[in-house]
Amino acid sequence: MLQWLQTWLPRRLRRPPAIPDGLWQTTLSQHPFLKELDTGERARLRLLTAHFLTEKEFHGAHGLTITDAMAVSIAAQACLPLLHLHTPAGQTMEALDWYGDFVGIVVHPDHAVARREVRDASGVVHRYSEVIAGEAMDRGPVMLSWSAVAQAGHLAEQGSNVVIHEFAHKFDMHGMNPGGAADGAPPLPPGFMGTHSATAARERWRQTMQTAFEQFTEALALAERFGGERPWLDAYAGTHPAEFFAVTCEAYFVNRTRFAQEFPALLVLYDGFFKPASGPRA
């Protein structure tokens, strides 16, 4: 696996060996949301992707062999949210610290079955199975279904992307309190969107996200109960604020034009977080 990586030296070299041109161009051509990046963005993404590949370990489940093309595809999509994050001058690779709590990426050939156990308010334990296309664990590995990952180029029009979804959870998990749960609120940088305190930044994030989440769940309810028009994004976004953040991040990165139409307030908010240097763009 990844034969062209075997000669690489320790992590975060200033100039790591480049991803082969043919492999990189194929990756871009298969993902329209990567191909549409400008020349400078593609160069930064390629470098981030190369470093990501030196820091992570890919494991194929159920006999799946991870090819170079598969690893580069996953890595490039995972690094897309890092592309414009604020980092100290000359330290672009420090953005990878957002993914620093884990090493392993487990890739299943198809969707996996996860065993769940929850305790209700009465103390009764409920056990059930859930079919999933991906999962991110706090301070643990990321699991992905290759059959879902392979559809990324086709599903972009629907605002869907399993890789970005799971790596958005990694951002969110950085904001968790010990023993807590992700809630759709990653830690925000100083001066976020012109705010003058961490409290003001969190409140701006919370209010904007809560309003958008409530509007989305209301639209879902209208569609389900009264036959109204269904929202553009997957209904899974309405199950929890953390899932709403992850699902909307998918759409923000893979179909910006439609996302701007559907979620104009979130576009500004996410630009403030993911693109602080460039600011909001149409």
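Calculation criteria
Residues numbered from 1 in each chain as written. Predicted model: local features only at pLDDT ≥ 70, side-chain atom pairs only at ≥ 80, totals over all residues. Heavy atoms only, no water. Helix = DSSP H or I, 4+ residues; strand = E, 2+ residues; numbered from the N terminus. Buried < 20%, exposed > 50% of the residue type's maximum accessible area, 1.4 Å probe, protein only. Contact = heavy atoms within 4.5 Å. Areas by Shrake-Rupley, 256 points an atom, 1.4 Å probe, with all protein chains shown as cover. Expected span 1.5 Å × (residues − 1). Pairing = 2+ DSSP bridges. Salt bridge = Lys/Arg side-chain N within 4 Å of Asp/Glu carboxyl O. Axes fitted to C-alpha atoms, helices over the stretch in contact; angles between N-to-C directions. pLDDT = per-residue confidence, 0-100. Phe/Tyr/Trp six-rings, centres within 6.5 Å; stacked < 30°, edge-to-face > 60°. Lys NZ or Arg CZ within 6 Å of the ring centre and 35° of its normal. Parallel < 35°, antiparallel > 145°, perpendicular 65-115°, else oblique. Left-handed = near helix turned anticlockwise from the far one by under 90°. Nonpolar A, V, L, I, M, F, W, Y, C, P; charged D, E, K, R; others polar.

Looking only at helices and strands, the chain features eleven helices and six strands. Expressed as a percentage of its 282 residues, the buried residues of the chain come to 46%. Taking as baseline every contact in the chain between residues at least 6 positions apart, the subset at least 24 positions apart corresponds to 64%. For the chain, the exposed area adds up to about 14,400 Å²; of that, 52% sits on carbon and sulfur atoms.

Along the polypeptide, T26 turns up in helix 1 (residues 21-30). Placed 47 residues apart in sequence, T26 and S73 show a C-alpha to C-alpha distance of 9.3 Å.

The terminal C-alpha atoms of helix 4 (residues 68-79) lie 16 Å apart, and with twelve residues this matches the ideal 16 Å at 1.5 Å per residue to within 8%. A large share of helix 4 lies buried, amounting to ten of its twelve residues. For helix 4, every residue scored as buried is listed here: M70, A71, V72, S73, I74, A75, A76, Q77, A78 and C79.

A separate point is the pairing of strand 2 (residues 104-108). Judged by how many residues are buried, strand 2 sits mostly within the fold: four of five residues are covered. Where strand 1 (residues 57-60) lies against strand 2, four bridges are found, and the strand directions are parallel. Considered in strand 2, the bridge of G60 is made with V107. As judged from the four bridges shared by strand 2 and strand 6 (residues 142-145), these two strands associate in the parallel manner. Within strand 6, the residue paired with V107 across the bridge is L144.

Glancing now at the pattern of salt bridges. Any two side chains of opposite charge can pair, so long as their charged atoms come close to each other. Using the criterion set out here, one finds six salt bridges in the structure. Residues D138 and R139 are paired through a salt bridge, measuring 3.0 Å at the closest nitrogen-oxygen approach. The salt bridge involving R256 is made with D271; its shortest N-O contact spans 2.8 Å. Here R256 is found in helix 10 (residues 256-262), whereas its partner D271 is found in helix 11 (residues 264-274), with 15 residues between them in sequence. Both residues of the pair, R256 and D271, belong to the buried class.

Attention now moves to the sheet that holds strand 6. Across the sheet, which stays open at both edges, the four strands sit in the order 1-2-6-5 with mixed pairing between neighbours. Lying at the two open borders of the sheet, with one neighbouring strand each, are strand 1 and strand 5 (134-136). Going across the sheet, the axis of each strand differs from the next one's by a mean of 20 degrees, ignoring polarity.

Take the side chain of R46 next. With respect to the helices and strands, the residue R46 is situated in helix 3 (residues 39-55). Excluding its chain neighbours within four sequence positions, the residues that come into contact with R46 are A18, I19, P20, D21 and W24.

This paragraph deals with the pairing of strand 6. Consecutive residues of a regular strand have side chains that alternate between opposite faces of the sheet. Of the two faces of strand 6, the one carrying V142 and L144 and the one carrying M143 and S145 are both buried. As defined by bridge partners, strand 5 adjoins strand 6 across three bridges and the pair is classed as antiparallel. Bridge pairing in strand 6 places E135 opposite M143. Linkage of strand 5 to strand 6, two consecutive antiparallel strands, is achieved through a turn of five residues, within which R139 is found at a positive phi near 55 degrees.

Let us look at the confidence of the model for the chain. The share of residues in the chain with pLDDT of 70 or more is 87%, and the mean pLDDT across the chain is 88. Contacts from residues 6-10, a stretch scored under 50 in pLDDT, to residues over four places away or in other chains number five contacts.

For the rest of this paragraph, the subject is the packing of aromatic side chains. On inspection of all chains with the given rule, the structure shows 26 aromatic pairs. Ring geometry for F213 and F244: centres 5.5 Å apart, planes at 70 degrees, overall edge-to-face. Of this pair, F213 sits in helix 8 (residues 198-226) while F244 sits in helix 9 (residues 241-254), and the two are 31 residues apart along the sequence. Comparing F213 with F244 shows no difference in burial state: the two are buried. Aromatic pair Y270 and F274: ring centres 6.2 Å apart, planes at 85 degrees, arrangement edge-to-face. Of this pair, Y270 and F274 both sit in helix 11, separated by four residues, roughly a single helical turn. Above the ring of F102, the side-chain terminus of K56 is found at 4.1 Å from the ring centroid.

What follows deals with the packing of helix 1 against helix 3. Across the interface, helix 1 lies against helix 3 with an axial gap of 12 Å and an inter-helix angle of 115 degrees. Put simply, helix 1 runs roughly perpendicular to helix 3. Seen from above, helix 1 lies across helix 3 with right-handed handedness. Along the contact surface, helix 1 presents D21, W24 and L28, while helix 3 presents R42, L45, R46 and T49. Class assignment for the residues of the contact of helix 1 with helix 3 results in three nonpolar, one polar and three charged.

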